[in-house]
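Residues per chain, in single letters:
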Amino acid sequence: MLEVFSVILIIYVVVGTVIAITSRKYGIKSTSDYFIGSYRLGTFLSAMTYAATTYSAFMMVGLVGLTYATGVGALGFELAYLVATVALLTIFSRRVWGMARERRWVSPSEMLSDLYNSKLLGSLVAITYFIALIPYTSAQIIGIGTLLESLGLNYVLGIIIATSLVLIWTVIAGLWSVATTDAYQGILMTSASIMFLWLTLTKLPTTDLNIVINTLDNVGITGLTPFWSFNTFLAYTLPWVFFAVTNPQVVQRIYMPANEKALKKMITYFSIYGFLYTIIVVIIGLLARVLTEFKVIPFISYRDYVTPTLILTLDPIPASIIIISIIAAAVSTANSIILSVTSSIIRDFYESRLRVSSREVLVVSNAVVITLTLITALIAYLRPGFIVEMSVLSSVILLPLAPITIISWLGVKDLKSLRYGAITALICGASIAIYNALIYGPVRAFLTTVLGIPISLWVLITSTSILVMNYVIVTHRRRPQITLGSK
Amino acid sequence: MKHTRIYVIMFLVMIVLFYTVPYTTLRDVKGLTLITYWSLLTLAWIITTILYIRRW
């Protein structure tokens, strides 16, 4: 098994590196080239980089296990994300895509800074990205290390492989190498998931669909299990429903398509990709549970071990390909986040404040990419409990950005007058998330309710209320005062 | 603008259907009912979106 895995891993790394090196032909002369490919991505690259960035190793490991343990509610959770993302992209992306070109946006924090005319807001958003997304990126690298450890390889070796891939495939040609390797990895992820589904199906001791469904019914996971109370469903879905407007790595991808046709196709292909990938992964989770009931595999109490357990029942070649596809999912998400967070740091703290040449900025950009990647690797190596657990809360910490971003995309006039509201909304929303993480611990905070309302909803209500109050006050002040006796 | 408004209203209806029906009408269903419901609802939404995008 280890020999086969090593050979397939080498092939995956070599092919990816050749693709990354080939992408250098697009040329990197400015930060616009380095971070967003100078708004020149074609249809295929736009769609595939969006899909591969969005879908992390969580799908093949986390979602399979979640479905195995908690049932069909996991499908609802993941599809709620897809439905909302497709809608938000459709409603806002054309406008944002046009404005990004016109106003030369590179980073999402720069976008908010420009729209609200507040450098302070841009800087705070960049800091929020760093706090929320570095633990999340570390979790991707930890996932690879743990996966390799479950195969009998060294955990540290997994971290070294993951860190090297994230670093090399980013530094070679910035967004171009990230997007082209994303496309390669996206294809690998779907192909491997289809193969995984097929091989799991062949493990079933029966071909009678009714027996399979009855088995799942008897376990009680075809409906809503007690796990999926309405509050839990809300707590899980709410941060992800707004993922498309709060996470910089995906917001930035709206800027990139070369033309409107590529943008349209990006949304279309991403929707189809997301739907198929989600359905396949959930069915694998359900089939794994059937296999447990038929005693083909043992009962797995720790849900993240469902996928590794299934993989270990397969022949070495398909098993290795599936493991590589999980590594690919983690790497494609991690390098996109690193590049995106770097773009915010560079554009908001360096390029906009100092007069420096393009060459200097690119050198510093690479240095920041290397530093951030090494920080995530160090966290993955040390595995400090609190920081690793914070990855669960990443989308909740970013949630205050939902109303701030959506209001700015709605074309509200004189956004400048809302800048203090936006700053306060961001600080208050993120503070609620971090405060609860400190009080309850990040994992418990995710599901804790206060007055029957999940923390994520409190974050959203607070930040939205502050912005709306600011809007109402400003609008009221602007209205002409009508005094008694006047007409 | 009119089409966008209709699309946004449809999205809100979609979200209501996505969250409420499984927790009311389909609360105690068995078999493939819930998985089919969420899958078909999502598929219908993707098709609606693709048709809407063509009008851009």
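If you're wondering where the values come from, they're calculated on a predicted model, not measured in any experiment.

S.K.: Lay out the overall build of chain B with the relevant residues and their values.
M.R.: Regarding its fold elements, chain B presents two helices and zero strands. Computed over the C-alpha atoms, the radius of gyration of chain B is 13 Å, more than 25% above the 10 Å expected from 2.2 N^0.38 for a compact globule of 56 residues. When the accessible area of chain B is evaluated, it comes to approximately 3300 Å², of which 70% is carbon and sulfur surface.

S.K.: Summarise the interface of chain B and chain A; cite the residues concerned and give the values.
M.R.: Facing 27 residues of chain B, the contacting portion of chain A comprises 37 residues. Considering only the side of chain B, the residues that lose the most area to chain A are B:Tyr19, B:Tyr23 and B:Trp56, jointly responsible for 28% of the buried surface there. There are zero salt bridges connecting chain B and chain A. Taken together, the links from chain B to chain A amount to five residue pairs in polar contact (both at pLDDT 80 or more). If you list the elements that add at least two residues to the side of chain B that touches chain A, you get helix H1 (2–23) and helix H2 (33–54) of chain B. Ranked by the residues each element gives to the side of chain B that touches chain A, the list is headed by H2(B), at 13 residues.

S.K.: Give a description of the environment of A:Ile453 that names residues and reports values.
M.R.: Along the chain, the position of A:Ile453 falls in strand S2 (residues 453–454). Once you skip the residues sitting within four places of it in the chain, A:Ile453 turns out to touch A:Thr448 and A:Trp458.

S.K.: How would you sum up the layout of surface pockets? Please name residues and give values.
M.R.: In this structure, the largest pocket encloses a volume near 1400 Å³. Lining of the largest pocket is provided by 37 residues; of these, A:Phe58, A:Gly62, A:Asp304, A:Ser391 and A:Val392 occupy positions nearest its centre. Going through the elements one at a time, helix H4 (58–70), helix H5 (73–103), helix H7 (119–150), helix H11 (230–241), helix H18 (385–390) and helix H22 (442–447) of chain A are the ones with two or more residues in the lining of the largest pocket. Of the residues in the lining of the largest pocket, the class split is 24 nonpolar, eight polar and five charged. Approximately 780 Å³ is the volume attributed to the second largest pocket. Taken together, 25 residues make up the lining of the second largest pocket; nearest its centre are A:Ile91, A:Phe92, A:Leu410, B:Thr4 and B:Val8. Put simply, the parts of the chain that give the lining of the second largest pocket at least two residues each are H5, H11 and helix H20 (401–409) of chain A together with H1 of chain B. Counted by class, the lining of the second largest pocket contains 18 nonpolar, three polar and four charged residues.

S.K.: Outline a nonpolar patch on the surface, listing residues and values.
M.R.: All names here are of chain A. Together, Ile127, Phe130, Ile131, Phe349 and Ile375 make up a nonpolar patch on the protein surface, roughly 370 Å² of accessible area in all. Ranked by the residues each element gives to the nonpolar patch, the list is headed by H7, at three residues. Within the secondary structure, Ile375 sits in helix H17 (residues 358–382). On the accessibility criterion, Ile375 (31% relative accessible area) is partly exposed.

S.K.: Mind laying out the pattern of salt bridges, listing which residues take part and the relevant values?
M.R.: Residue and element names in this part refer to chain A. Evaluation of the coordinates by the stated rule reveals seven salt bridges over all chains. In this structure, Asp182 and Arg253 form a salt bridge, with 3.8 Å as the shortest nitrogen-oxygen distance. Taken as a pair, Asp182 in helix H9 (residues 175–203) and Arg253 in helix H13 (residues 248–255) lie far apart in primary sequence, 71 residues in all. As far as the burial class goes, Asp182 and Arg253 line up, both buried. A salt bridge links Arg347 to Glu351, with the nearest nitrogen and oxygen atoms 3.0 Å apart.

S.K.: Outline the nonpolar core, listing residues and values.
M.R.: Core analysis: the biggest nonpolar cluster contains 200 residues, and A:Tyr12, A:Tyr116, A:Ile327 and B:Trp38 have the highest contact counts within it. Excluding anything up to four places from it in sequence, A:Tyr116 contacts A:Leu121, A:Ile404, A:Ile407, A:Ser408, A:Leu415, A:Lys416, A:Leu418, A:Arg419, A:Ala422 and A:Leu467.

S.K.: Break down the side chain of A:Thr163 for me, with residues and values.
M.R.: Residues and elements named next belong to chain A. Position of Thr163 among the secondary structure elements: in helix H8 (residues 155–171). A polar side-chain atom of Thr163 sits 2.6 Å from the main-chain carbonyl oxygen of Ile159. Setting aside residues up to four positions removed in sequence, Thr163 forms contacts with Ile141, Thr373 and Ala377.

S.K.: Please give an account of the packing of H5(A) against H1(B) that cites residues and values.
M.R.: In contact at an axis separation of 11 Å, H5(A) and H1(B) are set at 175 degrees when each is read in the N-to-C sense. Comparing the axis directions of H5(A) and H1(B) gives the class roughly antiparallel. The residues of H1(B) that touch H5(A), namely those facing A:Gly76, A:Leu79, A:Ala80, A:Val83, A:Ala84, A:Val86, A:Ala87, A:Thr90 and A:Ile91, are B:Tyr7, B:Val8, B:Phe11, B:Met14, B:Phe18 and B:Tyr19. In the contact of H5(A) with H1(B), the residues fall into 13 nonpolar, two polar and no charged.

Thresholds, definitions, all that
- Residues numbered from 1 in each chain as written.
- Chains lettered and ligands numbered in written order.
- Predicted model: local features only at pLDDT ≥ 70, side-chain atom pairs only at ≥ 80, totals over all residues.
- Heavy atoms only, no water.
- Helix = DSSP H or I, 4+ residues; strand = E, 2+ residues; numbered from the N terminus.
- Rg over C-alpha atoms; globule rule 2.2 N^0.38 Å.
- Areas by Shrake-Rupley, 256 points an atom, 1.4 Å probe, with all protein chains shown as cover.
- Contact = heavy atoms within 4.5 Å.
- Buried area = accessible area lost by both parts, 1.4 Å probe.
- Salt bridge = Lys/Arg side-chain N within 4 Å of Asp/Glu carboxyl O.
- Polar contact = N/O pair within 3.5 Å; in protein donor to acceptor, adjacent residues only side chain to side chain.
- 1 Å grid on protein atoms, 1.4 Å probe; cavity = no way out; pocket = protein on both sides within 12 Å on 5 of 7 lines; lining within 4 Å.
- Points joined across faces, edges and corners; volume = space filled by probe spheres on them.
- Nonpolar A, V, L, I, M, F, W, Y, C, P; charged D, E, K, R; others polar.
- Patch = residues over 30% accessible without salt bridge, like charges linked within 9 Å, V, L, I, M, F, W, Y side chains within 5 Å.
- Buried < 20%, exposed > 50% of the residue type's maximum accessible area, 1.4 Å probe, protein only.
- Core = buried A, V, L, I, M, F, W, Y, C linked by side-chain atoms within 4.5 Å.
- Axes fitted to C-alpha atoms, helices over the stretch in contact; angles between N-to-C directions.
- Parallel < 35°, antiparallel > 145°, perpendicular 65-115°, else oblique.

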